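Below, each chain spelled out in residue letters.
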Amino acid sequence: QVQVVESGGGSVETGGSLILACTLTGSADGITIDSWYRQAAGNQREWVAGFRLDDTTGYADFVKGRFTIARDNAKNPMYLQMDNLQPEDTAVYFCKAHQPRTWGLWTDYWGQGTQVTVSP
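Because the structure is a prediction, the values reported are computed rather than measured.

> Looking at this structure, how should I read the overall build of the protein?
Helix and strand counts for the protein come out as zero helices and eleven strands. Order of helices (α) and strands (β) in the protein, N terminus to C terminus: β-β-β-β-β-β-β-β-β-β-β. Since a compact globule built from 120 residues should have a radius of gyration of about 14 Å, the 14 Å found for the protein is in line with a globular shape. Along the longest, intermediate and shortest principal axes, the C-alpha atoms of the protein span 45 × 25 × 25 Å. The burial tally for the protein puts 39% of its 120 residues in the buried class. For the protein, the proportion of contacts with a sequence separation of at least 24, taken over those separated by at least 6, is 54%. With an accessible surface of roughly 6700 Å², the protein has 50% of that area assigned to carbon and sulfur atoms. Charged side chains of the protein number 9 positive and 13 negative; the gap between the two group centres comes to 5 Å.

Basis of the calculations
Residues numbered from 1 in each chain as written. Predicted model: local features only at pLDDT ≥ 70, side-chain atom pairs only at ≥ 80, totals over all residues. Heavy atoms only, no water. Helix = DSSP H or I, 4+ residues; strand = E, 2+ residues; numbered from the N terminus. Rg over C-alpha atoms; globule rule 2.2 N^0.38 Å. Buried < 20%, exposed > 50% of the residue type's maximum accessible area, 1.4 Å probe, protein only. Contact = heavy atoms within 4.5 Å. Areas by Shrake-Rupley, 256 points an atom, 1.4 Å probe, with all protein chains shown as cover. Lys, Arg positive; Asp, Glu negative; His and termini not counted. Charge placed at Lys NZ, Arg CZ, Asp CG, Glu CD.

Here is the structure:
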């Protein structure tokens, strides 16, 4: 059974940095970690950054220039380097993986999330 596990969250002051890691464990054949999302209290989950199918990267406008997503050729684990953190970055950060199915469909796998708290 596949598991998506995030780590590296914590508390920092404004302007600080954190590195999140996402690891795929278990029966992970054909499953690829691809994106980071976040969900602040009372808000909907939002996309932060991710890898496209051609392995290029994309970022939400609110993290461009501050966050960097990375993974090696094995595509496991995946990292999110977060610099110049701001209080509005406070959220639970989730990692997502996907598994292609037939007919252009796919299955998404989510981790439990890791809390990031940025104090003023």
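From this point, the discussion proceeds with the structure in view.
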